[in-house]
Amino acid sequence: MDFLKKHYEKMILCVVLLALAGAVLWMKSATEKVSETTGVSVSTDPPPRSTPPPPLDLSTDQIALAQITNAPAVLLSGEHNLFNPVTWKREPNGRLLKILKSGPDALVVTKIIPLARVINYIRTDEGSIYVMGIQKDVDPNQTNNNSRPKVVYPRMDERSKSFPFIVRGVKGPTNDPTEINLEMTDTGESNLWVSANKPLVQVQSYLADLKYPPESKTMTKEKVKDNITLDGEPYNIVEITNDAIRVKSLRTTHTTEIKWTKSP
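Summarised in this report is the structure supplied together with it.

Criteria and thresholds
- Residues numbered from 1 in each chain as written.
- Predicted model: local features only at pLDDT ≥ 70, side-chain atom pairs only at ≥ 80, totals over all residues.
- Heavy atoms only, no water.
- Pairing = 2+ DSSP bridges.
- Helix = DSSP H or I, 4+ residues; strand = E, 2+ residues; numbered from the N terminus.
- Axes fitted to C-alpha atoms, helices over the stretch in contact; angles between N-to-C directions.
- Buried < 20%, exposed > 50% of the residue type's maximum accessible area, 1.4 Å probe, protein only.
- Salt bridge = Lys/Arg side-chain N within 4 Å of Asp/Glu carboxyl O.
- Phe/Tyr/Trp six-rings, centres within 6.5 Å; stacked < 30°, edge-to-face > 60°.
- Lys NZ or Arg CZ within 6 Å of the ring centre and 35° of its normal.
- Contact = heavy atoms within 4.5 Å.
- Polar contact = N/O pair within 3.5 Å; in protein donor to acceptor, adjacent residues only side chain to side chain.
- Patch = residues over 30% accessible without salt bridge, like charges linked within 9 Å, V, L, I, M, F, W, Y side chains within 5 Å.
- Areas by Shrake-Rupley, 256 points an atom, 1.4 Å probe, with all protein chains shown as cover.

### Remarks on the sheet that holds strand 11 (residues 227-230)
Here's step 1: Taken together, 4 strands build an open sheet; the order of strands is 11-12-13-14 and the sheet is antiparallel. Two strands close off the open sheet at either side, each with one partner strand: strand 11 and strand 14 (255-259). Ignoring strand direction, the axes of neighbouring strands in this sheet form an average angle of 35°.

### Some points on the pairing of strand 4 (residues 129-138)
Here's step 1: A large share of strand 4 lies buried, amounting to 8 of its 10 residues.
Here's step 2: As paired elements, strand 3 (residues 108-125) and strand 4 share 8 bridges and run antiparallel to each other. For Val118, the partnering residue across the bridge sits in strand 4 and is Gln135.
Here's step 3: In terms of strand pairing, strand 4 meets strand 5 (residues 150-152) through 3 bridges, oriented antiparallel. Looking across to strand 5, one finds that Gly133 is bridged to Val151.

### Digging into the pattern of salt bridges
Here's step 1: Inspection of every chain in the model, using the stated rule, returns 10 salt bridges.
Here's step 2: One salt bridge connects Asp226 with Lys223, and the closest N-O pair in it is separated by 3.5 Å.
Here's step 3: A relative accessible area of 18% means that Asp226 is categorised as buried.
Here's step 4: Here Arg251 and Glu233 are joined by a salt bridge, their closest N and O atoms 2.9 Å apart. Taken as a pair, Arg251 in the loop between strand 13 (244-249) and strand 14 and Glu233 in strand 12 (residues 233-240) lie far apart in primary sequence, 18 residues in all.
Here's step 5: Overlapping salt bridges, with partners in common, bring together Asp157, Arg168 and Glu183 in one network.

### Details of the sheet that holds strand 6 (residues 165-171)
Here's step 1: Strand order in the open sheet made by the 3 strands is 6-7-8, with antiparallel pairing throughout. Whereas interior strands pair on both sides, the edge strands pair on one side only; in this sheet they are strand 6 and strand 8 (192-194). Mean inter-strand twist for the sheet, computed between neighbouring axes without regard to direction, equals 35°.
Here's step 2: Pairing between strand 6 and strand 7 (residues 179-184): 6 bridges, direction antiparallel. Considered in strand 7, the bridge of Gly169 is made with Asn181.

### Quick look at the packing of aromatic side chains
Here's step 1: Enumeration according to the criterion identifies 1 aromatic pair in this entry.
Here's step 2: When the ring of Phe163 is compared with that of Phe165, the centres are 5.2 Å apart and the planes differ by 35°; the resulting orientation is tilted.
Here's step 3: Cation over ring: Lys171 sits above Trp193, and NZ or CZ is 4.5 Å from the ring centre.

### Regarding unusual backbone geometry
Here's step 1: Residues other than glycine seldom take positive phi values, yet Asn191 does so here, at roughly 60°.
Here's step 2: Despite not being glycine, Asp231 has its phi angle at roughly 55°, a positive value.
Here's step 3: Positionally, Asp231 belongs in the loop between strand 11 and strand 12.
Here's step 4: With relative accessibility at 29%, the residue Asp231 sits in the partly exposed group.

### Some thoughts on the environment of Arg168
Here's step 1: Relative to the assigned elements, Arg168 resides in strand 6.
Here's step 2: Note on Arg168: relative accessible area 36%, which makes it partly exposed.
Here's step 3: The sequence separation of Arg168 and Asp157 amounts to 11 residues, and the corresponding C-alpha distance is 5.6 Å.
Here's step 4: Contact partners of Arg168, with chain neighbours within four places excluded, come to Met156, Asp157, Arg159, Asn181 and Glu183.
Here's step 5: Within the structure, the side chain of Arg168 is placed 2.8 Å from the side chain of Glu183, a separation counted as a polar contact.

### Description of a nonpolar patch on the surface
Here's step 1: Residues Tyr8, Ile12, Leu13, Val16, Leu17 and Leu20 make up a contiguous nonpolar surface patch of roughly 590 Å² in combined accessible area.
Here's step 2: Residue Leu20 is classed as exposed on the basis of its relative accessible area of 52%.

### Comments concerning the pairing of strand 11
Here's step 1: On strand 11, burial follows the alternation: Ile228 and Leu230 on one face are buried, whereas Asn227 and Thr229 on the facing-out side are not.
Here's step 2: Note: strand 11 against strand 12, 4 bridges, orientation antiparallel. The residue of strand 12 that forms the bridge with Leu230 is Glu233.

Below, the structure is given as structure tokens:
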């Protein structure tokens, strides 16, 4: 009895294990009998994995999500009139004109004209005097310029207030050179070559033709430091380049750049 009291748990565990072993043997024999009776093989292997379903088409949802996350910016400027009331003006012919822009923002550059200094070689006098012609404010795009050049007579390495260059050398005979080498005294440029058939052309400034639609106004050949008036406000042209002009308000000192869209 003492033995049973001390080891009864182990005895119960042994009985349970024997029962489980018997159940396994019985299930195996029962499976074989079912297979013999029905002719269908019963496998104890785990079932094969099924083919995964095709991925869901989420393209529509992704487009919607992108539209939500990248919403267009709210524009408070432009041609709508909720926050930008439109000004209407009556032209001299009685037609109403809708003004979407005014001031420098409405200014249109219709043309920019370069002004160049042209220096050309004419001839050589007395074997060492080089006769040169100088023209200022010439449009280099025009093939014929009616302005008469200023004629000067420099010698080799001569510096003078009458002309803005120094003759530094020649190609060919000294008394009949094919090309003359110049150094500019006003800009510091050097090694510039000029001949009878190839003048030296240097663009130095520009003129601008402007149009202001709100007042049906046109302005021609405006230059730097010229004053213009837009809707009664005074402005000053502070810079003209080959593709833009910059105007400054004389009242607020604000500067606006207007680009020139060249005609094709």
